[in-house]
Amino acid sequence: MSASPILITGGAQRLGRHCAERLVEDGHPVIISYRRERPELAALRERGIVTLQADFATEAGILDFISRLKSATPSLRAIVHNASDWAPDSADEQAGATFERLFRVHMQAPYLINLHCRDLLEACGEPQRDIVHVTDYVVQKGSRKHAAYAATKAGLESLTLSFAAMLAPTVQVNAIAPALIMLGEGDGEAYAEQARAKSAMGMVPGPGVIYQSLRYLLDNRYVTGITLPVDGGRHLR
Ligand SMILES: NC(=O)C1=CN([C@@H]2O[C@H](COP(=O)(O)OP(=O)(O)OC[C@H]3O[C@@H](n4cnc5c(N)ncnc54)[C@H](OP(=O)(O)O)[C@@H]3O)[C@@H](O)[C@H]2O)C=CC1
Ligand SMILES: Nc1nc2c(c(=O)[nH]1)N=C([C@H](O)[C@@H](O)CO)CN2
């Protein structure tokens, strides 16, 4: 029996792409979701990564993705909910639409995918099956400029506890809560210096520390219902 694939949502770039490539290198079949088609996807497809388009901004979009995922595989070894929109709060008439969009991508999509794909995880022939929610350190303190983002990531963190209790012992459910891991394309040195200063470790580590954390959760049969901070000691500053 061939190994069951690992699904990473939002795996076309940055942290999700890094983890998808590392999982393939470690011998796992991988499925990613992507929202926007782009040339970079060709390299992932050449490595055998199955790419499924998905826009989680609506319930219909989430359910459509689930339907196509179920046509793509009969089982899953793990689901990594990585897809995310780091949208700042809107001060204008877009505020409600922004909050709703972040609720859908950070909370409703993981919720519905977990509920509808539990059978795919339980069809996995391997003894360990995992769900990993990627949240954010900012859940602990809130955010003056990303309140909707922080609140919906907090909802995802709560879903970690509920699904861990609901799915034990057949599926382990945990979260990874990063702080600054990678800078954005437009971030200058002044921002980088300010961002580095926010943590005790004073660094921008890159996506490898997220893969190390994911690997720990995928390889440990006795961990469920936790949130693993990967934040350079933000709480110490
Ligand atoms: N980067 C960092 O330093 C930090 C990251 N995190 C968390 O780690 C995870 C990975 O971060 P990072 O790699 O920077 O993430 P990105 O900002 O690169 O987003 C990942 C992917 O999410 C997809 N996405 C966004 N909105 C939607 C949507 N409505 N439906 C479907 N897919 C969507 C995007 O798809 P597409 O590009 O195809 O449009 C994107 O490729 C995220 O959950 C993030 O919140 C937490 C703290 C720090
Ligand atoms: N979906 C995303 N979420 C977050 C990002 C990002 O680029 N995409 N970036 C951050 C910042 O690095 C922040 O941690 C800096 O303090 C947070 N979330």
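Our subject is the structure that appears above.
Since the structure is predicted, the reported quantities are computational estimates derived from the model, not experimental observations.

Caption draft 1: Representation of the packing of helix H1 (residues 14-25) against helix H7 (residues 208-219) in the model. Where H1 meets H7, the closest approach of the two axes is 9 Å, and the angle between their N-to-C directions is 55 degrees. The angle between the axes of H1 and H7 places the two elements in the oblique class. Crossing hand, H1 versus H7: right-handed. Here H1 contributes Leu 15, His 18, Cys 19, Arg 22 and Leu 23 to the contact with H7, which in turn contributes Gly 208, Ile 210, Tyr 211, Leu 214, Arg 215 and Leu 218. Of the residues belonging to the contact of H1 with H7, the class tally is seven nonpolar, two polar and two charged.

Caption draft 2: Seen up close, unusual backbone geometry. Between Ala 168 and Pro 169 the backbone carries a cis peptide bond, its omega angle lying at 0 degrees. Looking at the element boundaries, Pro 169 is found in the loop between helix H5 (147-167) and strand E6 (172-178). A positive phi angle is found at Arg 14, which is not glycine, with a value near 50 degrees. Along the chain, the position of Arg 14 falls in helix H1.

Caption draft 3: Representation of the side chain of Ser 213 in the model. Looking at the element boundaries, Ser 213 is found in helix H7. You can call Ser 213 buried: its relative accessible area is 8%. At 2.7 Å, the side chain of Ser 213 forms a polar contact with the backbone oxygen of Val 209. Those residues in contact with Ser 213 that lie beyond four places of it in its chain are Ile 176, Leu 228 and Val 230.

Caption draft 4: Up close: the nonpolar core. Counting residues in each nonpolar core, the largest one holds 33 residues, and the members touching the most others are Phe 56, Phe 65, Leu 69, Leu 76, Ile 79 and Ile 113. Looking at this core, the elements that each hand over two or more residues are helix H3 (59-72), helix H4 (95-122) and H5. Look past the residues within four positions of Leu 69 in its chain and what remains in contact with it is Leu 7, Ile 31, Leu 52, Leu 76, Cys 117 and Leu 120.

Caption draft 5: Representation of the packing of aromatic side chains within the structure. Enumeration over the complete set of coordinates arrives at two aromatic pairs. Their ring planes at 80 degrees and their centres at 5.5 Å tell us that Phe 56 and Phe 65 sit as a pair that is edge-to-face. Judged on exposure class, the residue Phe 56 and its partner Phe 65 are both buried. When the ring of Tyr 111 is compared with that of Phe 163, the centres are 5.9 Å apart and the planes differ by 65 degrees; the resulting orientation is edge-to-face. Here Tyr 111 is found in helix H4, whereas its partner Phe 163 is found in helix H5, with 52 residues between them in sequence. For Tyr 111, a relative accessible area of 37% corresponds to the partly exposed category.

Procedures and definitions
Residues numbered from 1 in each chain as written. Chains lettered and ligands numbered in written order. Predicted model: local features only at pLDDT ≥ 70, side-chain atom pairs only at ≥ 80, totals over all residues. Heavy atoms only, no water. Axes fitted to C-alpha atoms, helices over the stretch in contact; angles between N-to-C directions. Helix = DSSP H or I, 4+ residues; strand = E, 2+ residues; numbered from the N terminus. Parallel < 35°, antiparallel > 145°, perpendicular 65-115°, else oblique. Left-handed = near helix turned anticlockwise from the far one by under 90°. Contact = heavy atoms within 4.5 Å. Nonpolar A, V, L, I, M, F, W, Y, C, P; charged D, E, K, R; others polar. Buried < 20%, exposed > 50% of the residue type's maximum accessible area, 1.4 Å probe, protein only. Polar contact = N/O pair within 3.5 Å; in protein donor to acceptor, adjacent residues only side chain to side chain. Core = buried A, V, L, I, M, F, W, Y, C linked by side-chain atoms within 4.5 Å. Phe/Tyr/Trp six-rings, centres within 6.5 Å; stacked < 30°, edge-to-face > 60°.

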